[in-house]
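Descriptive analysis of the structure
Residue strings, one per chain:
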Amino acid sequence: MLSRYSSLMITLHGNLSRCYKAMSALRPDGASRHFMSAGFGRVVLGVVLVMSISAASYTAPSSSALTEENLLFLEAWRAVDRAYYDKSFNGQSWFRYRENALRNEPMNTREETYAAIKKMLSTLDDPFTRFLEPEKLKSLRSGTQGALTGVGLSIGYPMAINGSPSGVAVMTATPGGPAEKAGILPGDIILAIDDRSTEDMDIYDAAERLQGPEGSSVDLSIRSGTNTRHVVLKRQTVTLNPVRSRMCEIPGSKDSSKIGYIKLTTFNQNAAESVKEAIKTLRDNNVKSFVLDLRNNSGGLFPEGIQIAKIWMDKGVIVYICDSQGVRDIYEADGADTIAASEPLVVLVNKGTASASEILAGALKDNKRAVVYGEPTYGKGKIQSVFGLSDGSGLAVTVARYETPAHTDIDKVGVIPDRPLPASFPTDEDGFCSCLKDSTAACNLNAAQLFARS
């Protein structure tokens, strides 16, 4: 499976206390390069995830009563205590919870300890602060190179597509992957994986189940519109190319006769360089304006999103990083990495545009660098850090939120586009060009007015 935990940003640290330093270390001076890709799971939680694989060490009080399981629980407690963005901990005494849990929660086995940690996290009433079993954390780390063994699907919660409350939604199918070859499309709902219903399935669990050894099979129950079918897919190694592009030549259009279309599907470690290459190739074909398509892009690496914003912007704020005390960090463009700051630019978004994609779209819109077309984006602006525990398990902890340059908190709202797209507007590059060329088509956009702000 090719799925990405939404907007992953990974760094390695020596200890937990450096979590906040990791956030401020990602500055425009290039320090972000030590962040690795996490291209394995496009699980649309709409969060920017900073993955700090560190030993969340905790020096326990001197007491022979503390067992190995108690110490593991304390590691998890300490990670949340230091990093969680809401220092009220959902209106409870975090220290008192620790003491009560050590006295009252059974922690005689690893399974019981995991259950105690999950119970502790549930009291925060934050679905994005969660426990990761060793297998899930290992899978998260193993996908950092953008190639993995699966069926080539990017998945998310159905509400990111059509508001359905249950199941797992297909966000994108990787071109040439097993899922695409089987006709699985964005917007389809996965009802079951190997006869296991996805109705109440954790999205991380679904991602894990879609992966497996190369050559092995997975049985999916798929709903497309009103039709349901069973599909058996054979897993294979899938490499995600984050960018597809082409030149659209519009007859009779003087100023924008050649438009460069760039489809960005994910923010993996190759994304920024791939966008640069696409721009240069299109310019070689005398392209004078660009369309950046972020529809159904649920995010990826936060640093790549920042770098791509810098490609299009020569100055201005890209994003504010905030906690309960307000703004704590600012990412800005300084012109050092800009290669396309003057050409007219349009950005396409939809409900599947999430996290790092929303940061990019918000930056380009608020700085008036681009005209944004489509529908309100997913609307999840939380930032998480992932901490590894001593037994190989881990925690994803909400450490901050972000705001667009206009100080818009997009959580549960999304980036609001400047203009809508026709309902029948296609999501592929060939369809995009056809709609611009055919003035009689229902999906047609007037190429001459495409880049106009009013």
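Residues numbered from 1 in each chain as written. Predicted model: local features only at pLDDT ≥ 70, side-chain atom pairs only at ≥ 80, totals over all residues. Heavy atoms only, no water.

1. With respect to the packing of aromatic side chains
Taken as a whole and assessed by the stated rule, the structure comprises nine aromatic pairs. Arranged with centres 4.7 Å apart and planes meeting at 50 degrees, the rings of Tyr 114 and Phe 131 form a pair that is tilted. Of the two residues, Tyr 114 sits in helix 4 (residues 110–122) while Phe 131 sits in strand 5 (residues 130–132), which places them 17 residues apart along the sequence. Note on accessibility: Tyr 114 and Phe 131 belong to one class, buried. A network of ring pairs unites the aromatic residues Tyr 84, Tyr 85, Phe 89, Trp 94 and Tyr 97 as a single cluster. The ring of Trp 77 carries Arg 98 above its face, with NZ or CZ at 4.8 Å from the centroid. (Phe/Tyr/Trp six-rings, centres within 6.5 Å; stacked < 30°, edge-to-face > 60°. Helix = DSSP H or I, 4+ residues; strand = E, 2+ residues; numbered from the N terminus. Buried < 20%, exposed > 50% of the residue type's maximum accessible area, 1.4 Å probe, protein only. Lys NZ or Arg CZ within 6 Å of the ring centre and 35° of its normal.)

2. Observations concerning the pattern of salt bridges
A full pass over the atoms with the stated rule returns 18 salt bridges. Ionic pairing is found between Lys 263 and Asp 293, a salt bridge with its closest N-O pair at 3.5 Å. Taken as a pair, Lys 263 in strand 15 (residues 258–264) and Asp 293 in strand 16 (residues 289–293) lie far apart in primary sequence, 30 residues in all. Between Arg 401 and Asp 409 there is a salt bridge, with the nearest N and O atoms lying 3.8 Å from each other. One network of salt bridges, in which partners are shared, links Glu 68, Glu 69, Arg 110 and Asp 391. (Salt bridge = Lys/Arg side-chain N within 4 Å of Asp/Glu carboxyl O.)

3. Some words on the nonpolar core
One finds Leu 264, Leu 292, Ile 308, Trp 312, Val 347 and Leu 395 to be the most contacted residues of the largest nonpolar core, which totals 68 residues. The element best represented in this core is helix 2 (residues 68–83), accounting for seven residues. Of the residues that make up this core, three or more belong to each of domain 1 (69–126) and domain 3 (243–451). Formed by 25 residues, the second largest nonpolar core is a distinct cluster that contains Val 151, Ile 155, Ala 179 and Leu 220. (Core = buried A, V, L, I, M, F, W, Y, C linked by side-chain atoms within 4.5 Å. Domains from an automatic or database assignment.)

4. Details of the packing of helix 9 (residues 302–312) against helix 10 (residues 356–366)
Taken N-terminus to C-terminus, the directions of helix 9 and helix 10 make an angle of 25 degrees; their axes are 9 Å apart at the nearest point. By the angle class used here, helix 9 and helix 10 are roughly parallel. Seen along the crossing, helix 9 lies across helix 10 with a hand that is right-handed. Contacts between helix 9 and helix 10 involve Phe 302, Gly 305, Ile 308, Ala 309 and Trp 312 from the first element and Ile 359, Leu 360 and Leu 364 from the second. Taken together, the residues of the contact of helix 9 with helix 10 break down into seven nonpolar, one polar and no charged. (Axes fitted to C-alpha atoms, helices over the stretch in contact; angles between N-to-C directions. Parallel < 35°, antiparallel > 145°, perpendicular 65-115°, else oblique. Left-handed = near helix turned anticlockwise from the far one by under 90°. Contact = heavy atoms within 4.5 Å. Nonpolar A, V, L, I, M, F, W, Y, C, P; charged D, E, K, R; others polar.)

5. Considerations on the environment of Val 238
Relative to the helices and strands, Val 238 is located in strand 13 (residues 236–239). Classification of Val 238 by relative accessible area gives buried; the value is 5%. Along the sequence, Val 238 and Pro 178 sit 60 residues apart, while their C-alpha atoms lie 8.8 Å from each other.

6. Comments concerning the sheet that holds strand 16
Pairing is mixed in the open sheet, where five strands are placed in the order 14-15-16-19-20. Two strands in the sheet have a free side with no partner beyond their single neighbour: strand 14 (243–249) and strand 20 (371–374). Sheet twist, expressed as the average angle between the axes of neighbouring strands with direction ignored, equals 20 degrees. Two elements, strand 19 (residues 345–349) and strand 20, share four bridges in a ladder whose sense is parallel. (Pairing = 2+ DSSP bridges.)

7. Some points on the state of the cysteines
For the coordinates displayed, the defined rule picks out two disulfides. The residue that forms a disulfide with Cys 248 is Cys 433, at a sulfur-sulfur distance of 1.7 Å. Taking the torsion about the sulfur-sulfur bond, which here is approximately -50 degrees, the covalent link between Cys 248 and Cys 433 counts as left-handed. Within this pair, whereas Cys 248 is found in strand 14, its partner Cys 433 is found in helix 11 (residues 429–437), the two being separated by 185 residues in sequence. According to the relative accessible area criterion, Cys 248 is buried, its value standing at 0%. By relative accessible area, which is 1% here, Cys 433 ends up buried. (Disulfide = S-S within 2.5 Å.)

8. Focus on unusual backbone geometry
For Asn 90, which is not glycine, the phi torsion reads 60 degrees and is therefore positive. If you trace the backbone, Asn 90 turns up in the loop between helix 2 and helix 3 (94–104). Asn 90 gets classed as partly exposed once you look at its relative accessible area, which sits at 40%. Positive phi, close to 60 degrees, is recorded for Ser 355, a residue that is not glycine. Secondary-structure assignment places Ser 355 in the loop between strand 19 and helix 10.

9. Some thoughts on the packing of helix 2 against helix 4
Between helix 2 and helix 4, the least distance of the axes is 10 Å, while the angle of their chain directions is 25 degrees. On the basis of their axis angle, the class for helix 2 and helix 4 is roughly parallel. At the point where helix 2 passes helix 4, the crossing takes the right-handed sense. On helix 4, the residues touching Glu 68, Glu 69, Leu 72, Phe 73, Ala 76, Trp 77 and Val 80 of helix 2 are Arg 110, Thr 113, Tyr 114, Ala 116, Ile 117, Met 120 and Leu 121. For the contact of helix 2 with helix 4, a count of residues per class yields 10 nonpolar, one polar and three charged.

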